[in-house]
Each structure stands twice: as structure tokens, then as C-alpha cells.
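What the coordinates show
Chain by chain, the residues run as shown.
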Amino acid sequence: MRSDGFLKSLVSFVENGSFREEDYTLSPAQKDALDTDIPENRWLLSVQHSEKPVSARLINWFSHKGVEVFNNLYRIASVFICVTLIGILLSVVSFLPSFGSAENPAVNEVVERYVSKAIQETGTTNAVAGMISAYRGFDTLGEAHVLFVAACSVIVLLRVDPSERKRGRRLNPDRVGGDMDYEPNSDLILRKTAKLLVPLAFIFGLYVILNGTSSPGGGFSGGAIMGAGLILHSVAFGFKRTERFFGDEMYHVIKTACLTVYALLMAYFIYMGANGWDDHVWLGNPGGIISGGLILPINIAVGFEVACTMYCFYALFRKGGL
Amino acid sequence: MPAFLQHLFTNYYETAAIILFGIGFTTLLMHRNLIKKIIGFNFMDSGLYLFLAAKGYIAGRLAPIITDGNADPSKYVNPIPTGLVLTGIVVSVSVTAFLLALTCRLYDRFHTLDLDEITHLVRKERD
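Residues numbered from 1 in each chain as written. Chains lettered and ligands numbered in written order. Predicted model: local features only at pLDDT ≥ 70, side-chain atom pairs only at ≥ 80, totals over all residues. Heavy atoms only, no water.

Some words on the side chain of Asn-299 of chain A
All names here are of chain A. By the secondary structure assignment, Asn-299 is in helix α15 (residues 295-319). Residue classification places Asn-299 among the buried positions, given a relative accessible area of 7%. At 3.1 Å, the side chain of Asn-299 forms a polar contact with the backbone nitrogen of Gly-219. When near neighbours in sequence (up to four residues on either side) are disregarded, Asn-299 contacts Ile-209, Gly-212, Thr-213, Gly-218 and Gly-219. (Helix = DSSP H or I, 4+ residues; strand = E, 2+ residues; numbered from the N terminus. Buried < 20%, exposed > 50% of the residue type's maximum accessible area, 1.4 Å probe, protein only. Polar contact = N/O pair within 3.5 Å; in protein donor to acceptor, adjacent residues only side chain to side chain. Contact = heavy atoms within 4.5 Å.)

So, in C-alpha cells, the structure goes:
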């Protein structure tokens, strides 16, 4: 129904612009009755046979209806683009090698090398950890930097000056009833649960980080668990209590130190030829906690950095600073 | 059943991943609300992870964690896509945080999340 009305108005605008003929059209009798001494009437007579130029009418039409037309065209175009994209991708999927087959081109000699040499060359029983931190360590170093840069840019965008924050200025002063107004909260169920879960989250995060070389996990996942523990602590007990052991300075020190340690370890590895840990470092005991040579310290560094970044995101969005 | 469709059903993980990607892309284009656009973006990410994980799977094989000292590569799935998913997750978390921060700033400035209204207000301010 809406498109019907829209089409009608479109046609009428193209025909007439904003010039409505019925306002100015005179019957022959009226024409004769007009007094031609008055300039307005002379103009009215001259208008009887003239039209606005097409360009003027087009501009007029666009300024009135342009946004609506654009929105409709945009909708049609976006549906068209989405359907086309999905169609193209699905047709590509129909040409892919079949799911779960061992003959896929993705399963090549690179994979064989990563799995069969993982224990000798990297000292890890978890081939994924060996691949991420040793064979493709440079890639993972870049990943850690992506996280660092994201944290920096969020700080630039959202940080409120601490002295102003103490005086009660928030990110958005007009927002009343934001959740900082309920700080610190005194939710008994939340506090009791947090008392139980926060230590568990920290211990489990550390476990995942330390066992990253011999079981699923590693720096990123363990760090995310520890970050969740930190966030839970500050949700339940308030920022003041979290700041006692994890404040602004602490955050900056941990984040920078971890990234520096990681970069230095990677730099050492690349400087030595980037060709297997086994020539330069003691690999440890594959399957145990001390294994994987440099992978264990790298995992610890990454884990703490990720935990800090997760909490940093949360604190910045919630109160504009750590 | 035509071969085209049959293959889509064989590769059902990839098909689902593409559909998820399409849903995300449609959300990204069709919604004016910035938060919904970011949600659409995350949908696209999830589709990508599913696709990568599906490409690495080999039927009947184990996760690439060598438990009994038997490092026979024909026993384990492909570890590379797993690593790529990790990269993808980290980048997606970073980009999402950045986008949300930008959205926060836009909301503080214009008190709306509607992209059209923001554009309108910006144009009004410029004139």
C-alpha cells in the first residue's frame, strides 16, 4: 500500500514539481475578467502557458522525496547484494572438497610436519600450541599487538580523567540511572557466588595457561578466563575493592611488561634463525608443565596480557578508566 | 537431487557457515541501529570460525594432542585452521571493542544510535 502511494506521488512530482496546476489555472471566463493593469494578474496570465524547466523540477523533486527514494533504493539494493553474495558463496561451497575427507588439499605435508615433528622440534604434545607459538609464532606476536593496539584505542576513546572522575564526572553526564549510580552494589547472592567463583576462575585460568603446551588451552583462552574472574570480582565487590590489587598503574605495568617479554622472546627466536626451538633452548619434558621451551613463558605473558585487556575493556566501558 | 544441492548437503557445516555469514551481512546492511550493525558483524565472524573449523576436520580423527607418544599424522585432524580461528577470535574481540567505544562516543555526542539521525544531525551542524 505504501509503495502505491509512493509511486503516485513520484509520478505527480515528476509531472509537476511543486507547481500545482490547479492553483494557477484559469478558465477562459476568469481570464477575461482579470484586470491586466495589476502586475500580479499579468504574471498569472503569463504563467498559463509556461512550465518550470525540467532540471528545476528534478531538483525540487529530489529535495522533497530524495531521502525516501534513497531509503527504498538502498533497501532493494542491499537485499539484492546480500542474496547475490550468499548465492555466490553457496555455489562456491558446492565446489569445495567434501567435508571430513582426508584427501582434502588442506591436509598436506605442512600438517604432517606440524603433527609428527611437534614433540622433537617444539617439545609440546599439543600440536596446536606448537604451531601457534613456534612454527607460526610471528603471526601470534602480531595478534598480541592487535589486542594491545585495540586496548590503547579504547583508552583513547573512553578514558575520563581520574581527577574529574573523582568529582563525579562520567563519560556521559546526562545519563541518569546508569549502572555507576548503583556502585557499590550489595547484592548478597552475587557476592556469595563471586566469593566462591573468583578464586576458582583464577586457578582455572592459571591451570589452562600452564597446561597450554600439553592440553587444550594456552595463553589466550586462559587469559580470557582470568579476565572473566577479574570482571566478576569488580561486578560483585565494586571497583574500589578491585583497585586495591589491580589499579591503573598495575594494569599498565603488566600489559607493557608482558608484551615486551613476548616480543623479546620472539625476537631472540627469530634472531637465532627461527628454525626450531630445540637448537637454542632446553625443551623440557614433553607432556609435563615445564615443556615446550619458550612456549611456556610466552603463554604466561600472553595470558596476563589478555586478562588485563579483558578487564580494561570492561572497566573503560563501565566507568571510563581503570 | 541435483549434484549442486547434494554437495551442499555433504558440506553442511560450510553451508551453515555461509548462511550465518549471510545473516550477519544482511543485518550489517539493513539495520540503522549501530549496535545491531555490530551484532551483525559478530555474526559474520562466527560464520567464519565455523567455516574454518569445518575445513580442518577429518572424519574419525582425534584432536591434535599427542597423548601416547605416537605422532602419526594420519591419526589427527588438521591443526592449522584451529590456529587461524584463534587469530580470528582475537581480532574480532579487538575490533568489536573498538566499534563499541566509537558507538559510545557517538551516543554521548548525539544521544541516538540511529545512523540516519546521526548523519542528519551532523549535516545540520555543518550547515
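Describing the confidence of the model for chain B
Averaged over all residues, the pLDDT of chain B is 89; the fraction at 70 or higher stands at 100%. Put simply, helix α1 (residues 3-10) of chain B is where chain B has its lowest mean pLDDT, 81, and helix α3 (residues 34-56) of chain B is where it has its highest, 93. (pLDDT = per-residue confidence, 0-100.)

Concerning the interface of chain A and chain B
If you look at the interface, chain A gives 60 residues, while chain B gives 52 residues. Taken together, both faces of the contact between chain A and chain B bury some 5000 Å²; the carbon and sulfur share is 74%. Among the residues chain A hides against chain B, the three largest losses belong to Phe-99, Val-115 and Leu-157 of chain A. Together they make up 15% of the total. Viewed at the interface, chain B and chain A are joined by 0 salt bridges. Our count for the chain A to chain B interface comes out at 9 residue pairs in polar contact (both at pLDDT 80 or more). (Buried area = accessible area lost by both parts, 1.4 Å probe. Salt bridge = Lys/Arg side-chain N within 4 Å of Asp/Glu carboxyl O.)

What about a positive patch on the surface?
Residues and elements named next belong to chain A. A cluster of basic residues, Lys-192, Lys-195, Arg-241 and Arg-244, forms a positive patch at the surface. Secondary-structure elements contributing two or more residues to the positive patch are α11 (188-210) and α13 (239-245). Positionally, Arg-244 belongs in helix α13. What makes Arg-244 exposed here is its relative accessible area of 67%. (Patch = residues over 30% accessible without salt bridge, like charges linked within 9 Å, V, L, I, M, F, W, Y side chains within 5 Å. Areas by Shrake-Rupley, 256 points an atom, 1.4 Å probe, with all protein chains shown as cover. Lys, Arg positive; Asp, Glu negative; His and termini not counted. Charge placed at Lys NZ, Arg CZ, Asp CG, Glu CD.)

Looking at α15 of chain A
The first and last C-alpha atoms of α15 of chain A sit 36 Å apart over 25 residues, in line with the 36 Å expected at 1.5 Å per residue. Just downstream of α15 of chain A, Gly-320 of chain A is the residue with a positive phi angle, here 75 degrees. (Expected span 1.5 Å × (residues − 1).)

What about the packing of aromatic side chains?
Counted by the stated rule, this structure contains 10 aromatic pairs over all chains. Ring centres 5.3 Å apart and planes at 80 degrees place the aromatic pair Phe-246 of chain A and Tyr-311 of chain A in the edge-to-face group. Placement of the pair is Phe-246 of chain A in the loop between α13 and α14 (248-271) and Tyr-311 of chain A in helix α15, with a sequence separation of 65 residues. Judged by its relative accessible area of 5%, Phe-246 of chain A falls in the buried class. You can call Tyr-311 of chain A buried: its relative accessible area is 1%. By the ring-pair criterion, three or more aromatic residues cluster together here, those being Phe-99 of chain A together with Tyr-12, Tyr-13 and Tyr-57 of chain B. (Phe/Tyr/Trp six-rings, centres within 6.5 Å; stacked < 30°, edge-to-face > 60°.)

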